[in-house]
Amino acid sequence: MILVTGGAGYIGSHIVVELANAGYDFLVFDNFSNSSPTSIERVSKLTGCGVKWIQGDVRSHSDLNRVFSEYSITAVLHLAGLKIVSESIEKPLEYYDNNVRGSLCLLEVMGAHGVKRIVFSSSAAVYGESASMPITENAATGNTSSPYGASKYIVEQRLQELCHSDPQWSAFALRYFNPVGAHPTGLIGEENLASATNIFPSVIRVAQGLSEYFEVYGNDYHTPDGTGIRDYIHVVDLARGHIDAISAMTQRKGFHAFNLGTGRGYSVLEVLQAFEKHIQQTIPYRFLPRRDSDISESYAASDLAEETLGWKANFDLVDMVQDVWQWTTNTTTKT
């Protein structure tokens, strides 16, 4: 059985769908601090099967021991982490507590129960401002620009040390590049769009008339249109990468890191224009100064994931915009 920590969240719920589609037996473990049981209900409806879940916290040894004692867990997909970069700057201790202490607690309990396979939800934030593009897994890590990125880097370091100390461990760190979009059915997506601070929800709020302007932080970067460039990856592509990782790690021990991205960067204004084209509506925006944690450009080289995991991104920016807009429309209609 696969344990999915944070399995009721935005990315976790999409992973659970793919696990069900692939025929895996799995259990969702979530404290619902950034999600709700409603997400699990939607996944059950989408997959046509009941989803087993337990409420608990990765920082609690007792919660975790109960799960590992009652269920035959063989591997863990670890997604239980706080993820908002700007919030991490305001609340660094909360991010280290949840993301680092929670991960260490999970690893301790896993080891005690003889479960030594983990896929870790990492981030391209571990690279910081990279000297060259596209970013490969050999690029320098650790020069992070936020406590969020630092927390991911710290956990990766502990995983490497653990695998070095005990060769029976298998740990895959999947470095995400800006997950966006929603399931193509429109049945599941990011539930907290109203409060999310990343680019897609911010554009949507303006398109819906909930905000007056879309705020673009910085127009003086060394990029074609002066705005920051990022590699956006469809959440379903990202979810499928975890399924490929679970399959591949049965044959690989030790620590391995993989970029999950499309290999194509889009500027902030390109994303804005993609939304305008899809919804056929002008979205007003204004430029603001750069934020301290922002970098000018970041996009992935995902060749290693393709060669080792057999994974490749299939969705493009048009798909990402279309699917998140459908999810948004469905959610608005229901409420």
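Notes on the structure follow. (Residues numbered from 1 in each chain as written. Predicted model: local features only at pLDDT ≥ 70, side-chain atom pairs only at ≥ 80, totals over all residues. Heavy atoms only, no water.)

### A few points about the overall build of the protein chain
Phase 1: Within the protein chain, the regular secondary structure consists of 11 helices and 14 strands.
Phase 2: For a compact globule of 335 residues, the expected C-alpha radius of gyration is about 20 Å, and the protein chain comes in at 19 Å, within 12% of that figure.
Phase 3: Taken along the three principal axes of its C-alpha coordinates, the protein chain extends 55 × 45 × 40 Å.
Phase 4: The buried share of the protein chain, taken over its 335 residues, is 54%. (Helix = DSSP H or I, 4+ residues; strand = E, 2+ residues; numbered from the N terminus. Rg over C-alpha atoms; globule rule 2.2 N^0.38 Å. Buried < 20%, exposed > 50% of the residue type's maximum accessible area, 1.4 Å probe, protein only.)

### Quick notes on helix H8 (residues 235-248)
Phase 1: In a regular helix each residue adds 1.5 Å, so 14 residues correspond to 20 Å; H8 covers 20 Å between its end C-alpha atoms and thus fits that length.
Phase 2: Judged by how many residues are buried, H8 sits mostly within the fold: 11 of 14 residues are covered.
Phase 3: When we look at burial in H8, the residues that qualify are Val 235, Val 236, Asp 237, Leu 238, Ala 239, Gly 241, His 242, Ile 243, Ala 245, Ile 246 and Ala 248. (Expected span 1.5 Å × (residues − 1).)

### Re the nonpolar core
Phase 1: Counting 40 residues, the largest nonpolar core has Ile 11, Leu 77, Val 119, Phe 172 and Leu 309 as the members making the most contacts within it.
Phase 2: With eight residues, H8 is the single largest residue contributor to this core.
Phase 3: Filtering out sequence-adjacent residues up to four positions away, Leu 309 remains in contact with Phe 172, Gly 241, Asp 244, Ala 245, Ala 248, Phe 258 and Leu 304.
Phase 4: By size, the runner-up hydrophobic cluster in this structure holds 29 residues, among which are Val 76, Phe 120, Ala 171 and Phe 255. (Core = buried A, V, L, I, M, F, W, Y, C linked by side-chain atoms within 4.5 Å. Contact = heavy atoms within 4.5 Å.)

### A few points about the sheet that holds strand S4 (residues 75-78)
Phase 1: In spatial order, the strands read S3-S2-S1-S4-S5-S6-S11; together these seven strands make up an open sheet with parallel pairing. At either margin of the open sheet sits one strand with a lone partner, and together these are strand S3 (53-55) and strand S11 (254-260). For this sheet, the mean angle separating the axes of adjacent strands, direction not counted, is 20 degrees.
Phase 2: Pairing geometry for strand S2 (residues 26-30) and S3, over three bridges, is parallel. Residue pairing in the sheet places Phe 29 in a bridge with Ile 54 of S3.
Phase 3: Contacting strand S1 (2-5), S2, S3 and S4, helix H3 (residues 61-70) runs over the sheet at an angle of about 170 degrees to S2. (Pairing = 2+ DSSP bridges. Axes fitted to C-alpha atoms, helices over the stretch in contact; angles between N-to-C directions.)

### Comments concerning the pairing of S11
Phase 1: Extensive coverage of S11 is indicated by the burial of six of its seven residues.
Phase 2: Here strand S6 (residues 170-176) runs beside S11; their pairing, made up of seven bridges, is parallel. Looking at the pairing, Arg 175 lines up with Asn 259 of S11.

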